[in-house]
Amino acid sequence: MSCLGCYKENTEGYCLNCRKKLFDGKRVSHMLPFKAPQNENLQEYQEQTKRLSISGVQLKYSLRLEDKLLTLTAKGGQYILKPIPPSVIAYPDQAPENEHLTMQIAGQIFKMDTAANALINFEDGQPAYLTRRFDVKADGSKYLQEDFAQLSGKQKKTHGENYKYDGTYEDIGILIKKYVAAYLPVMEVFFRNVFFNYLFSNGDAHLKNFSLIQTDSGDYKLTPTYDLMSTILHTPGETDTALDLFEGDTNTGYYQTYGHHGYPDFMELARRISIIEVRAKRIISEMTSQSDRVINMINNSLLSDEIKSKYLHCYQDKVSRIKVA
Ligand SMILES: [Zn+2]
């Protein structure tokens, strides 16, 4: 069998390396000792958000590790558990593995700093996505963390139901400049995230999916990346990006010609957030030349064959858009 964290060949649920990242080395079972929570009222999910997005319908549960057992907890959560979402979206049963695969691609192939994650099963065999919270310290206290909805003062009360989508990636870059002292490396990490989301058709990377966290020395840095998945598989009508790259990003020559974003649009975003041209070029070229490894990992994943092929198709489509430049 393969490790339910990193996919590497292994004899049990999680390999030593994944056990270290997820459970501080403890031998935790890949079967949760309880059943999947019942899907509650579906109506409610849809009312939670005007825009049908996976983040709007997906329920999350908080878990704590007690000895070697993961248990549901109301407070002091160290893990987030995301079961199969309700069937208002397409292929809901593929969502946990979609997120796990996308996070593993980001971490292993693109060397992005990602929240520790794995697939886990409920007692009845249903899969769920498991991720470790990075804002909780060993003693249970929390690092100060603020997402970019908070940092830009956007909330439901003042900016409406879709407040998380009210902004651009350039706006986030401007806030990074404001809050992070040595912002240039952080800006490159942010740019890589935005570009990754485009390549992997994550159309739900909204303001709350990027956050700053205070380090022990009091500085701010971006948190590890979280909530990555190819959302287009579940919400096919979705836009390519949750936020505009910058104000008026559909008026560019490229967009007007092709009807979607391409290389010049990402270079323009890079320029606006002060990333040196040669660095931006290198990032884009590195990130669009990993196809063999990406294809391998998709094939090794636990997605259904149908979804593997859709996932791959969407990825290759995005890569080809960038290479048209
Ligand atoms: Zn592993």
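For the structure itself, consult the block above.
Residues numbered from 1 in each chain as written. Predicted model: local features only at pLDDT ≥ 70, side-chain atom pairs only at ≥ 80, totals over all residues. Heavy atoms only, no water.

Asker: Describe the coordination of the zinc ion, and please don't skip the residues or the numbers.
Answerer: Binding of the zinc ion to the protein goes through Cys 3 (SG), Cys 6 (SG), Cys 15 (SG) and Cys 18 (SG), at separations of 2.3 Å. Here the zinc ion is ringed by four donor atoms whose angles at the metal span 104 to 116°, and the overall shape comes out tetrahedral. The sequence pattern describing where the donors of the zinc ion fall on their chain is C-x2-C-x8-C-x2-C. Summarising the burial analysis for this pair, Cys 6 and Cys 15 share the class buried. (Donors = N, O, S within 2.8 Å, 3.2 Å for Na, K, Ca; no water. Tetrahedral: all angles 85-135°; square planar, octahedral: opposite > 155°, others 65-115°. Buried < 20%, exposed > 50% of the residue type's maximum accessible area, 1.4 Å probe, protein only.)

Asker: Just give me the short version of the packing of helix α12 (residues 291-300) against helix α13 (residues 305-323), but keep the residues and values in it.
Answerer: Two packed helices can be described by the angle between their axes and the distance between those axes. Packing of α12 against α13 brings their axes to within 10 Å, and their N-to-C directions diverge by 160°. As the angle between them shows, α12 and α13 are arranged roughly antiparallel. Crossing angle aside, the handedness with which α12 passes α13 is right-handed. Together, Ser 291, Val 294, Ile 295, Ile 298 and Asn 299 of α12 and Lys 308, Tyr 311, Leu 312, Tyr 315 and Gln 316 of α13 make up the contact between the two elements. Within the contact of α12 with α13, the residues separate by chemical class into six nonpolar, three polar and one charged. (Axes fitted to C-alpha atoms, helices over the stretch in contact; angles between N-to-C directions. Helix = DSSP H or I, 4+ residues; strand = E, 2+ residues; numbered from the N terminus. Parallel < 35°, antiparallel > 145°, perpendicular 65-115°, else oblique. Left-handed = near helix turned anticlockwise from the far one by under 90°. Contact = heavy atoms within 4.5 Å. Nonpolar A, V, L, I, M, F, W, Y, C, P; charged D, E, K, R; others polar.)

Asker: Go over helix α11 (residues 277-287) with me, naming the residues and quoting the values.
Answerer: Residues Ala 280, Ile 283, Ile 284 and Met 287 constitute the buried set of α11. One side of α11 carries all its buried residues, which in axial view fall inside an arc of 95°. As for α11, its buried residues are in contact with α8 (183-199), α10 (263-272) and α13. (Arc of directions from axis to C-beta.)

Asker: Provide a residue-level description of the nonpolar core, including the pertinent values.
Answerer: In terms of nonpolar packing, the biggest core is built from 63 residues, with Ile 105, Phe 148, Tyr 169, Phe 190 and Phe 191 touching the most fellow members. Contributing elements (two or more residues each) for this core: α4 (95-109), α5 (148-151), α7 (169-179), α8, α10, α11, α12 and α13. When residues of this core are assigned to their parent elements, the largest contribution, nine residues, is made by α8. Residues from two domains meet in this core; each of domain 1 (16-132) and domain 2 (145-323) gives at least three. (Core = buried A, V, L, I, M, F, W, Y, C linked by side-chain atoms within 4.5 Å. Domains from an automatic or database assignment.)

Asker: Residue-level account of the sheet that holds strand β8 (residues 220-222), with values.
Answerer: Within a sheet, adjacent strands bond to each other through the backbone by hydrogen bonds, running parallel or antiparallel. Pairing is antiparallel across the open sheet formed by three strands, whose spatial order is β6-β7-β8. At either end of the open sheet lies a strand with only one pairing partner, and these are β6 (145-147) and β8. Shown here is a sheet whose adjacent strand axes are inclined to one another by a mean of 25°, direction ignored. (Pairing = 2+ DSSP bridges.)

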